[in-house]
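Breakdown of the fold
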Amino acid sequence: MNGQHFLVTGGAGFIGSHLVDALLEAGHAVTVLDDLSVGKPQNFAHNLTHPYFHFVQGSILDKTLVTQLVAQVDGIYHLAAVVGVKYVVEDPLRGMQVNVRGTETILETACARRCRVVLASSSEIYGKSAGVPFAEEDVTVIGPTSVPRWSYAVSKLLDEHLAFAYYRQEELPATAVRYFNAFGPRLDPRGYGSVIARFINQALDGQALTVYGDGQQTRAFTFVADTVRGTIAAMETPKSAGQAFNIGNPREITMNELAAQIRESVGADVDIVHVPYAQAYGTAFEDTPRRLPNVTRAAEILGFRATTSFEEGLRQTILWFKEHRDA
Ligand code: UDP
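Here goes a summary of the coordinates provided. One numbering rule holds for all chains: residues counted from 1, following each sequence as written. With the structure being a predicted model, the display of local features is reserved for residues of pLDDT at least 70 and the display and counting of side-chain atom pairs for 80 or more, all residues being used for whole-chain, interface and lining totals. The side-chain numbers reported here are obtained from all heavy atoms of the structure, hydrogens and water having been left aside.

**Overview of the overall build of the protein**
- Each helix corresponds to a stretch of at least 4 residues labelled H or I by DSSP, and each strand to a stretch of at least 2 residues labelled E; elements are numbered beginning at the N terminus. Scanning the protein from N- to C-terminus turns up eleven helices and 13 strands.
- At 19 Å, the protein has a C-alpha radius of gyration in line with the 20 Å of a compact globule built from 327 residues.
- Along the three orthogonal principal directions, the C-alpha set of the protein runs to about 55 × 45 × 35 Å.
- Relative accessibility decides the category of a residue: with a 1.4 Å probe and only protein chains considered, values under 20% of the type maximum give buried, values over 50% give exposed, and everything between is partly exposed. Buried residues in the protein amount to 55% of all 327 residues.
- When checking whether two residues touch, look at their non-hydrogen atoms; a contact exists if any pair is within 4.5 Å. Residue pairs in contact within the protein that sit at least 24 positions apart in sequence constitute 81% of those at least 6 positions apart.
- Exposure was quantified through the Shrake-Rupley algorithm and a 1.4 Å probe, taking into account, for residues, occlusion by the shown protein chains and nothing else. When the accessible surface of the protein is split by element, carbon and sulfur atoms take 50% of a total near 13,700 Å². In this treatment the radius of gyration is a C-alpha quantity, and the globule benchmark scales as 2.2 Å times the residue count to the 0.38 power.

This is the structure:
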């Protein structure tokens, strides 16, 4: 083996499993740590016979296990987390425990070896800020603590603060990557993690597409192959340590446009309906009105730019859903 050995936490999940494929493809060895709470065996089944792939079912909260695994690797991609607005809204306590304690365990353990860490963060941390496009040094606007949704943003902000405190005070080479709405094959078919999965499933089932609110809210959907390239670039760029990077495709789309495009691409004869937020998530809910990345820092320091068009990404995703959604 010519490559390095990486630990990928959350490597059975949507982004994590694509990252694992890319690392193996590049000649690296990979150990995955995943508790399979959301990640799925089907996402890595094709790698089980690979000589440099190793899967461990377990939790990032298990410090003994994490210490053992970290001792064997050159770098850590830390993607394990409770993600997805619906999961977070339904169980904010578990979200914060896993996302804060788990990350602390990973960073503390990595620190003992000064092991390179790339921490998966989120565009959610920009909250309700109206200042699009969002740049990494911008002020963030997080809503009140009476709204459980924001606990995810706060947990990821705390993760970044922890990582950068370890960087400054303990010389831990840690980089944060802020993902902007990744999508692609292997999206959770239940649609918990993404509006794209929900709309595709609804269209394939011949059901109405449920646009929440007035549908004028926007997102910058990023094809997972691009998300993975940006993540690997962060690991491979030593001077990225101590900084956060937006990893996203700077194309802004409203949910109304998204619904229309998915309905057309699937070729479904279905309605598009508007559902009040309160009905979808309960009364204590607030949405991010616009989300768009400023990608200058990632381009300048990581040499990264998203290259897959939204249309091409959507085509590949719909194809995958048609073939796999019952799996
Ligand atoms: N959304 C929607 N219909 C759905 C699910 C989600 O209109 O069935 C909206 C949601 O309110 C948000 C956007 O789609 O404005 C993106 O939601 P998602 O859960 O994919 O991720 P977020 O970017 O909010 O973390």
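**Quick notes on the site of the ligand**
- By convention in these notes, a residue is near a molecule or strand provided one of its non-hydrogen atoms lies within 4 Å of it. Of all residues adjacent to the ligand, which total 18 residues, the nearest are Val-195, Arg-198, Thr-210, Arg-219 and Asp-287.
- Arg-149 has a polar side-chain atom sitting 3.3 Å from an oxygen atom of the ligand.
- For the shell around the ligand, the elements supplying multiple residues, two or more each, are α6 (195-204), β8 (209-212) and α9 (277-281).
- Of the residues belonging to the shell around the ligand, the class tally is eight nonpolar, four polar and six charged. Definition of a polar contact: a pair of N or O atoms within 3.5 Å, with one able to donate and the other able to accept a hydrogen when the atoms are protein atoms, and with sequence-neighbouring residues admitted only if both atoms are side-chain atoms. Only Asp, Glu, Lys and Arg are considered charged in this grouping, and only Ala, Val, Leu, Ile, Met, Phe, Trp, Tyr, Cys and Pro are considered nonpolar; every other residue, Gly among them, is considered polar.

**Let's talk about the layout of surface pockets**
- A pocket, in this scheme, is an open set of points on a 1 Å grid over the protein atoms alone with protein on both sides within 12 Å along at least 5 of 7 lines, while a cavity is a set where a 1.4 Å probe fits but cannot get out; residues line either one if an atom lies within 4 Å of a point. Grid points are joined across faces, edges and corners, and a volume is the space filled by probe spheres set on the points. Space inside the second largest pocket adds up to approximately 180 Å³.
- Lining the second largest pocket are 15 residues, with Glu-136, Glu-160, His-161, Phe-164 and Arg-178 sitting closest to its centre.
- In the lining of the second largest pocket, the residues fall into four nonpolar, four polar and seven charged.

**Concerning the nonpolar core**
- Residues belong to one nonpolar core when they are buried, are Ala, Val, Leu, Ile, Met, Phe, Trp, Tyr or Cys, and are joined through side-chain atoms within 4.5 Å. Residues Tyr-77, Ile-196, Leu-258 and Ile-262 are the most contacted members of the largest nonpolar core, which totals 55 residues.
- Among residues more than four places away in sequence, those in contact with Tyr-77 are Phe-6, Leu-7, Val-8, Thr-9, Leu-19, Leu-23, Val-118, Thr-231, Ile-232 and Met-235.
- With 31 residues, the next largest nonpolar core counts Leu-65, Val-66, Leu-69 and Val-70 among its residues.

**Some words on the sheet that holds strand β11 (residues 244-247)**
- If you walk across this open sheet you meet the seven strands as β3-β2-β1-β4-β5-β6-β11, and the pairing is parallel. In this open sheet, the two strands that pair with only one neighbour each are β3 (53-57) and β11. Geometrically, the sheet is characterised by an average inter-axis angle of 20° between neighbouring strands, direction not taken into account.
- Sitting on the sheet, helix α2 (residues 63-70) is in contact with β1 (5-9), β2 (29-34), β3 and β4 (75-78), with an inclination near 175° to β2.
- The angle between two axes is taken between their N-to-C directions and runs from 0 to 180 degrees, where each axis is a line fitted to C-alpha atoms and a helix contributes only its stretch in contact. Against the sheet, helix α7 (residues 224-236) contacts β1, β4, β5 (116-122), β6 (174-179) and β11, and its axis sits at roughly 165° relative to β6. Paired strands, in this sense, are two strands between which DSSP finds at least two bridges.

**Some thoughts on the side chain of Thr-254**
- Within the secondary structure, Thr-254 is located in strand β12 (residues 253-254).
- Setting aside its immediate chain neighbours within four residues, Thr-254 contacts Gly-215, Gln-216, Gln-217 and Thr-218.

**Topic: the pairing of β2**
- Counting buried positions over the six residues of β2 gives six, a clear majority of the element.
- Here β2 shows no split at all, with Ala-29, Thr-31 and Leu-33 on one side and Val-30, Val-32 and Asp-34 on the other all buried.
- Pairing analysis gives five bridges linking β1 to β2, with the strands arranged parallel. Bridged to Val-8 within β2 is Val-32.
- Note on handedness: a crossover is taken as right-handed if, strands pointing away from the viewer, the path from the first strand over the helix to the second is clockwise. A crossover links β1 with its parallel partner β2, the connecting element being helix α1 (residues 14-25), and its sense is right-handed.

**Structural notes on the packing of aromatic side chains**
- Here a Phe, Tyr or Trp ring, Trp counted by its six-membered ring, pairs with any other such ring whose centre lies within 6.5 Å, and the pair is stacked when the planes are under 30 degrees apart, edge-to-face when over 60, and tilted otherwise. This model, assessed by the stated rule, comprises 13 aromatic pairs.
- Pairing Phe-183 with Phe-223 gives two aromatic rings, centres 5.7 Å apart and planes at 70°, and the pair type is edge-to-face. With Phe-183 in strand β7 (residues 182-183) and Phe-223 in strand β10 (residues 222-223), this residue pair connects regions lying 40 residues apart in the sequence. Phe-223 carries the same exposure label as Phe-183, and that label is buried.
- Judged by centre distance (5.6 Å) and plane angle (50°), the ring pair of Phe-183 and Phe-310 falls under tilted.

**Section: unusual backbone geometry**
- Of note, the amide linkage connecting Val-132 to Pro-133 takes the cis form, showing an omega dihedral of -5°.
- Looking at where Pro-133 falls in the secondary structure, it is placed in the loop between β5 and α5 (150-170).
- One non-glycine residue, Arg-114, lies in the positive phi region at around 55°.
- Assignment of secondary structure puts Arg-114 in the loop between α4 (92-113) and β5.
- The backbone phi angle of Arg-186 is positive, close to 80°, even though this residue is not glycine.
- With respect to the helices and strands, the residue Arg-186 is situated in the loop between β7 and α6.

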